[in-house]
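Structural overview
Each chain, letter by letter, is given below.
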Amino acid sequence: MEGFRYQDNELYCEDVALHELPEEFGTPLYVYSKNQIIQNYRAIEEPLKDLDHVVCYALKANANPAILKILAQEGAGADVVSGGELYLALKAGFPPSRITFAGVGKRDDEIEYALKSNIFTINAESAQELQVISRVALRLGVKARVTLRINPDIDAQSHPYITTGLKQNKFGIPAEEAVGVFKFAATMQNLETVGVHAHIGSQITKIEPFVEAANFLTRFVTSLREAGMPINHIDFGGGFAVQYLNVLTHEALPVEPDNAVVPPLRQYMEALVPVLRESGCSVWFEPGRSIVANAGVLLTKVLYTKENGAKKFVIVDAGMNDLIRPSLYGAYHQIVPLKLQTYEHEHADVVGPICETGDFLARDRVLPKSKRDDYLAVMTTGAYGFSLASNYNARPKPAEILVNGDRVRVIRERQTIDQL
Ligand code: LLP
């Protein structure tokens, strides 16, 4: 099943022609395919069947409650990074025993909330944080299960803003100090150290850095055991890449220049499972993007087209407040019309209504020619799309729709101006 495809020159999400949605629900509008989400989750689960494992969905990618419910029902665990995400995960029905709490800056009240909720583990990122967790646990009279996040100094070769496993990044405990911090943790009251965690980055298109991280963690667990610290839990993080270019192909669409080949998930897993199995640990994964990115699109309306000197601009009603990835990371999202009406292409920037030059969805792009009132879909925006949306320029946040077969459901109402 493809979540999104052209049929008779019209873009469909499952069995729904997308051009039918803007009239009823307005734009900008996020639309998600329920069955694509399920398929993505199962594609991660399946190659892991010979490994003792839990797939924890990273809520930061998209924390819409309806999407969380789908994944909780599929049996996923949850990776949360704030009290807010923990609240949403519990409300959606993720069992506390399958929840892990990461993040470099947890407040005391968030730690207290995690301990009271009896989640499986808090991933601590420094010796100082361990002291705080121990203090809060002591006050509550509970034992805190902690996992230590190690910074393995591995280059994920991704965008610098989303590379997290290098020495110069703020995340984790430096590898060379890690054994010492484990020993320190063992001396602390009300703490039980259950595991070791690493997350080296996001949108990682190469398999080698992952294999390097898996080898690092497996060796590290062995050295901890040799030092008398029996560890049975590895949290391997997330970061699997998805395809952003040429997601849809059609004779009326330009072919996008693609030099970033993304390996299929199965290939990542086939390389990782044998290494991780060696550790004898239960291995948790924290994928976000690979579960929801290609299950979502952002629909937007062309407001104006204009030429300034040599440049052509297609001005649409979705801006960097609705989708910040192009502005923040120079990220590439394929942009296609909901109705293919022409074989004519044009060279243009697709820009939003925000008062910033950095407010663009595509730059110097070859696109099917568009005109005022056309509708476009910005592809592969199910992850880090709505979840990074803001009210900048006092713009209400967009609505979100879930498609299941031919059924359409509003899973978040459009914000109204009186909610600003
Ligand atoms: N675990 C931890 C500890 C993380 O920090 C992240 C992502 C994940 C799991 C999930 O990674 P994923 O499987 O989604 O790659 N806003 C950026 C991505 C930021 C990722 C932050 N951490 C973007 O739009 O590309």
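Just so it is clear, the model here is predicted, and its values are computed rather than measured. (Residues numbered from 1 in each chain as written. Predicted model: local features only at pLDDT ≥ 70, side-chain atom pairs only at ≥ 80, totals over all residues. Heavy atoms only, no water.)

1. Details of the pairing of strand 17 (residues 345-351)
Both faces of the sheet carry side chains from a regular strand, because those side chains alternate between them. How we decide: Three exposure classes are used, based on accessible area relative to the maximum for each residue type with a 1.4 Å probe and protein chains only: buried under 20%, partly exposed in between, and exposed over 50%. Secondary structure is summarised from DSSP: a helix means a run of H or I of at least four residues, a strand means a run of E of at least two, and numbering begins at the N terminus for each. For two strands to be treated as a pair, DSSP must find no fewer than two bridges joining them.
Strand 17 sits mainly inside the fold: 5 of its 7 residues count as buried. Looking at chain direction, strand 15 (residues 311-316) and strand 17 are connected through 3 bridges and run parallel. Bridge pairing in strand 17 links Phe 313 to Asp 349. Direction of pairing for strand 17 relative to strand 18 (residues 360-368): antiparallel, over a ladder of 6 bridges. The partner of Val 350 across the bridge, within strand 18, is Ala 362.

2. Focus on the pattern of salt bridges
To keep it simple, the criterion reads: Here, a salt bridge means any side-chain nitrogen of Lys or Arg that lies within 4 Å of a carboxyl oxygen of Asp or Glu.
What the rule picks out here adds up to 19 salt bridges. Here Lys 106 and Glu 129 are joined by a salt bridge, their closest N and O atoms 2.6 Å apart. Of this pair, Lys 106 sits in the loop between strand 7 (99-101) and helix 5 (108-116) while Glu 129 sits in helix 6 (residues 127-140), and the two are 23 residues apart along the sequence. You'll find Lys 106 and Glu 129 in the same group, each marked buried. One continuous salt-bridge network, built from bridges that share partners, spans Glu 46, Lys 49, Arg 266 and Glu 270.

3. Some remarks on a negative patch on the surface
Filter applied, for reference: Surface patches are defined over residues having more than 30% relative accessible area and no salt bridge, joining like charges when they lie within 9 Å and nonpolar side chains (Val, Leu, Ile, Met, Phe, Trp, Tyr) when within 5 Å. To measure how exposed things are, a 1.4 Å probe is used in the Shrake-Rupley method; for residues, cover is taken only from the protein chains shown. Note that His is not counted, nor are the chain ends; the positive residues are Lys and Arg, and the negative ones are Asp and Glu. For this purpose, a charge sits on NZ of Lys, CZ of Arg, CG of Asp or CD of Glu.
Side chains of Asp 153, Asp 155, Glu 176, Glu 177 and Glu 212 sit close together on the surface and give a patch of like negative charge. Among the structural elements, Glu 176 can be located in helix 7 (residues 175-186). For Glu 176, a relative accessible area of 57% puts it in the exposed group.

4. Let's talk about the site of the ligand
Our working definition: A cutoff of 4 Å decides nearness: a residue is near a molecule or strand if any of its heavy atoms lies inside that distance of it. Polar contact is the term for a pair of N or O atoms within 3.5 Å; when the atoms are in protein, one must be able to donate a hydrogen and the other to accept it, and sequence-neighboring residues count only if both atoms are side-chain atoms. Cavity means a closed set of points on a 1 Å grid over the protein atoms alone, one where a 1.4 Å probe fits but cannot get out, pocket means an open set with protein on both sides within 12 Å along at least 5 of 7 lines, and lining means a residue has an atom within 4 Å of a point. If over half the atoms of a molecule are within 2 Å of the grid points of a cavity or pocket, the molecule is regarded as sitting in it. As a working rule, the residues Ala, Val, Leu, Ile, Met, Phe, Trp, Tyr, Cys and Pro are called nonpolar, Asp, Glu, Lys and Arg charged, and the rest polar, with Gly in that last group. Throughout, the edges of the domains are those of an automatic or database domain assignment.
Residues in close proximity to the ligand total 16 residues, the closest being Ser 202, Glu 286, Arg 325, Tyr 329 and Tyr 384. Residue Asp 79 places a side-chain N or O atom 3.3 Å away from a nitrogen atom belonging to the ligand. Here an oxygen atom of the ligand sits 2.6 Å away from a polar atom, N or O, in the side chain of Tyr 384. Computed on the free molecule, the ligand has an accessible area of 590 Å², of which 92% lies beneath the protein chains in the complex. If you map the ligand onto the pockets, it falls in the largest pocket. For the shell around the ligand, a count of residues per class yields 5 nonpolar, 5 polar and 6 charged. Two domains share the shell around the ligand, each providing at least three of its residues, namely domain 1 (4-12 + 22-28 + 294-419) and domain 2 (34-288).

5. Re helix 8 (residues 208-226)
Note the cut-off: For a helix, the expected span equals 1.5 Å multiplied by the residue count minus one. Note on contacts: a residue pair is in contact if any heavy atoms of the two residues lie within 4.5 Å.
Its 19 residues place the ends of helix 8 27 Å apart at the C-alpha level, agreeing with the 27 Å of an ideal helix rising 1.5 Å per residue. Listing the buried residues of helix 8 in full gives Pro 209, Phe 210, Ala 213, Ala 214, Phe 216, Leu 217, Thr 218, Phe 220, Val 221 and Leu 224. Tucked into the core, helix 8 has its buried residues touching strand 9 (144-151), helix 7, strand 11 (191-197), strand 12 (233-235) and helix 9 (265-278). Immediately beyond the C-terminal end of helix 8, within one or two residues, lies Gly 228, with a positive phi of roughly 85°.

6. Observations concerning helix 4 (residues 83-92)
Every buried residue of helix 4 is accounted for by Gly 83, Glu 85, Leu 86, Ala 89 and Ala 92. The secondary structure elements touched by the buried residues of helix 4 are helix 3 (65-74), strand 6 (77-80), strand 7 and helix 5. Gly 93 lies just past helix 4 and shows a positive phi near 100°.

7. Some words on the domain arrangement of the protein
Definition in use: Two parts placed together each lose some accessible area; with a 1.4 Å probe, that loss summed over both constitutes the buried area.
Each domain of the protein was delimited in the assignment, giving domain 1 (4-12 + 22-28 + 294-419) and domain 2 (34-288). Taking only C-alpha atoms, the centre of domain 1 and the centre of domain 2 are 31 Å apart. With 38 residues of domain 1 in contact, the opposing surface of domain 2 contributes 30 residues. Both faces combined, the contact of domain 1 with domain 2 buries some 2900 Å², and carbon together with sulfur accounts for 58% of it. Between the two partners, domain 1 and domain 2, sit 1 salt bridge. For Arg 365, the salt bridge goes to Glu 256, with nearest N and O atoms at 3.9 Å. Counting the contacts that link domain 1 with domain 2 gives 15 residue pairs in polar contact (both at pLDDT 80 or more). Tallied by class, residues from the side of domain 1 that touches domain 2 come to 20 nonpolar, 12 polar and 6 charged.

8. Points about the layout of surface pockets
Sizing a probe to match a water molecule and rolling it over the atoms shows the empty space that remains. Using the following cut-off: Grid points are joined across faces, edges and corners, and a volume is the space filled by probe spheres set on the points.
Quantified by volume, the largest pocket comes out at close to 740 Å³. Sorting the residues of the lining of the largest pocket by element identifies helix 10 (289-292) and helix 11 (325-329) as the ones contributing at least two each. Of the residues contributing to the lining of the largest pocket, the split by class is 12 nonpolar, 12 polar and 9 charged. Residue contributions to the lining of the largest pocket reach at least three from each of two domains, namely domain 1 (4-12 + 22-28 + 294-419) and domain 2 (34-288).

9. What to know about the packing of helix 8 against helix 9
For any two helices packed against each other, the geometry comes down to the angle between their axes and how far apart the axes lie. Formally: Helix axes use the C-alpha atoms of the stretch in contact, all axes being lines fitted to C-alpha atoms, and the angles between their N-to-C directions lie in the range 0 to 180 degrees. When an angle is under 35 degrees it counts as roughly parallel; over 145 it counts as roughly antiparallel; between 65 and 115 it counts as roughly perpendicular; any other value is oblique.
Where helix 8 meets helix 9, the closest approach of the two axes is 9 Å, and the angle between their N-to-C directions is 10°. One way to sum up the angle between helix 8 and helix 9 is to call them roughly parallel. From helix 8, Phe 210, Val 211, Ala 214, Asn 215 and Thr 218 reach across to helix 9, where they touch Tyr 268, Ala 271, Leu 272, Val 275, Leu 276 and Glu 278. Of the residues assigned to the contact of helix 8 with helix 9, the class counts are 8 nonpolar, 2 polar and 1 charged.

10. Some words on the environment of Glu 226
Within the secondary structure layout, Glu 226 lies in helix 8. Residue Glu 226 is classed as exposed on the basis of its relative accessible area of 66%.

11. Here's the deal with the sheet that holds strand 2 (residues 10-13)
The strand order across the open sheet formed by 3 strands is 1-2-3, and the pairing between neighbours is antiparallel. On the outer flanks of this sheet lie strand 1 (4-7) and strand 3 (16-17), each paired with one strand and no other. Taken together, the 2 bridges between strand 2 and strand 3 define a ladder with antiparallel strand orientation. Each residue of the ladder has a partner; that of Cys 13, found in strand 3, is Val 16.

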